[in-house]
Amino acid sequence: MSEPSRCGLVALIGEPNAGKSTLMNRFVGAKVAAVTHKVQTTRARIRGIATAGAAQLVFIDTPGLFRPRRRLDRAMVKAAWAGAGDADVVVLLIEAHRGRTEGVRAILEALDAQLPKGRPVALAINKIDRVRAEALLALSAEMNAARNFAATFMISAEKGYGVEDLRDWLAGQVPEGPWLYPEDQIADMAQRQIAAEMTREKLTLRLHQELPYQLTVETEAWEERKDGSVRIDQIVYVARDGHKGIALGPKGATIKAVGQAAREEIKAFLGREVHLFLTVKVRPNWMDEAERFAAMGLDFRDGEG
């Protein structure tokens, strides 16, 4: 007899920059979540879809959990806990070299209040290549003393170490049932939103500390052309006039370089020619507009204090 099909939602939670997006991209085998070395780059509950034998794993890549200050921060944190609450299995990622930080302690304290009773939570200690084996074992013991995890995994999301073991364990945890998505689908986020995320990642990497989180990217138009290529028009929203100059760069050099890098990545993702056009617009209060929240997959009401 063939193995029964399984399907379930898996939430990846943790502090900002713990490696959640990198891990999901590793599971899925393609880049569907923005990955940068800056914190708080994931804003929406992006889903990636992977298969492991007869199981389909639908990953919810949540925004990093941190102490919210602004309306956007509050909406991101609420989205993270909502994603975890919806999931069949939760994976808490922590960084091996940072250990049980104050932020990790806060997440541990909130887990029982935020998750339905009995929801399995696995611990994944990420970036294991940065510390010695004895330090890893000590951290694992410390974390499991703080909470009785369903399982503990030592992984490197970037290099792939231990990821297959985690995936196989997750496949056995999700409930029996039909698959939710076609076999060849890797994300349920619209292609236009994935394309916007890719451009935003390039901007974040390029601008470093100059323009941290006061910009967003939206795909304004998506035109399928007869030759099989696609024309994509995107708007980069910034909060101030000075930010526009930073985003454009001297004689438009910055936005041109960002556009070229984003176009190549979107082209590789779609597997066809891409014509990408970027426009930078000043929108002083975009972080307080319901429309911008909706474009990022967040609920504006979740940001209310």
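For the structure itself, consult the block above.
In this report, we go over the structure that sits alongside the text. (Residues numbered from 1 in each chain as written. Predicted model: local features only at pLDDT ≥ 70, side-chain atom pairs only at ≥ 80, totals over all residues. Heavy atoms only, no water.)

Side note on the overall build of the protein chain
Item 1. Scanning the protein chain from N- to C-terminus turns up nine helices and nine strands.
Item 2. Burial analysis of the protein chain (305 residues in total) assigns 51% to the buried set.
Item 3. The contacts in the protein chain between residues at least 6 apart in sequence include a share of 72% that link residues at least 24 apart.
Item 4. Summing over all exposed atoms, the protein chain offers an accessible surface of approximately 14300 Å²; the carbon and sulfur share of this is 47%. (Helix = DSSP H or I, 4+ residues; strand = E, 2+ residues; numbered from the N terminus. Buried < 20%, exposed > 50% of the residue type's maximum accessible area, 1.4 Å probe, protein only. Contact = heavy atoms within 4.5 Å. Areas by Shrake-Rupley, 256 points an atom, 1.4 Å probe, with all protein chains shown as cover.)

Notes on empty space enclosed by the protein
Item 1. Inspection of the entire model under this criterion finds one cavity of 30 Å³ or more.
Item 2. As for the largest cavity, its lining consists of Glu-15, Ala-18, Leu-93, Ile-94, Glu-95, Arg-98, Gly-99, Thr-101 and Val-104.
Item 3. In terms of residue count, strand E4 (residues 89-95) provides more of the lining of the largest cavity than any other element does, three residues in total.
Item 4. A per-class count over the lining of the largest cavity returns four nonpolar, two polar and three charged. (1 Å grid on protein atoms, 1.4 Å probe; cavity = no way out; pocket = protein on both sides within 12 Å on 5 of 7 lines; lining within 4 Å. Points joined across faces, edges and corners; volume = space filled by probe spheres on them. Nonpolar A, V, L, I, M, F, W, Y, C, P; charged D, E, K, R; others polar.)

Concerning the pairing of strand E1 (residues 6-14)
Successive residues of a regular strand alternate their side chains across the two faces of the sheet.
Item 1. E1 sits mainly inside the fold: eight of its nine residues count as buried.
Item 2. Of the strand pairs in this sheet, E1 and E4 are connected by five bridges, and their pairing is parallel. Residue Leu-12 lies in a different strand from E4, and its bridge partner there is Val-91. (Pairing = 2+ DSSP bridges.)

Comments concerning the environment of Asp-288
Item 1. Counting through the fold element by element, Asp-288 comes out in the loop between strand E9 (274-282) and helix H9 (290-295).
Item 2. The spacing of Asp-288 and Arg-71 is 217 residues in sequence and 7.2 Å in space, taken between C-alpha atoms.

Considerations on the pattern of salt bridges
Item 1. Scanning the model with the defined rule gives 15 salt bridges in all.
Item 2. The residue Glu-273 makes a salt bridge to Lys-267 at a minimum N-O spacing of 3.5 Å.
Item 3. The exposure class assigned to Glu-273 is partly exposed, which follows from its relative accessible area of 35%.
Item 4. Bridged by salt links that share partners, the residues Glu-15, Glu-95, Arg-98 and Lys-127 form one connected network. (Salt bridge = Lys/Arg side-chain N within 4 Å of Asp/Glu carboxyl O.)

A look at helix H4 (residues 133-146)
Item 1. Over its 14 residues, H4 runs 20 Å from end to end, which matches the ideal 20 Å to within 8%, given 1.5 Å per residue.
Item 2. Taken together, the buried positions of H4 are occupied by Leu-136, Leu-139, Ser-140 and Met-143. All buried residues of H4 fall inside an arc of 100° around its axis, so they share one side. Across H4 from its buried face, at more than 90 degrees, point the exposed residues Glu-134, Leu-137 and Ala-145.
Item 3. In this structure, the buried residues of H4 make contact with E4, helix H3 (102-114), strand E5 (121-126) and strand E6 (151-154). (Expected span 1.5 Å × (residues − 1). Arc of directions from axis to C-beta.)

Shape descriptors only; they carry no functional weight alone.
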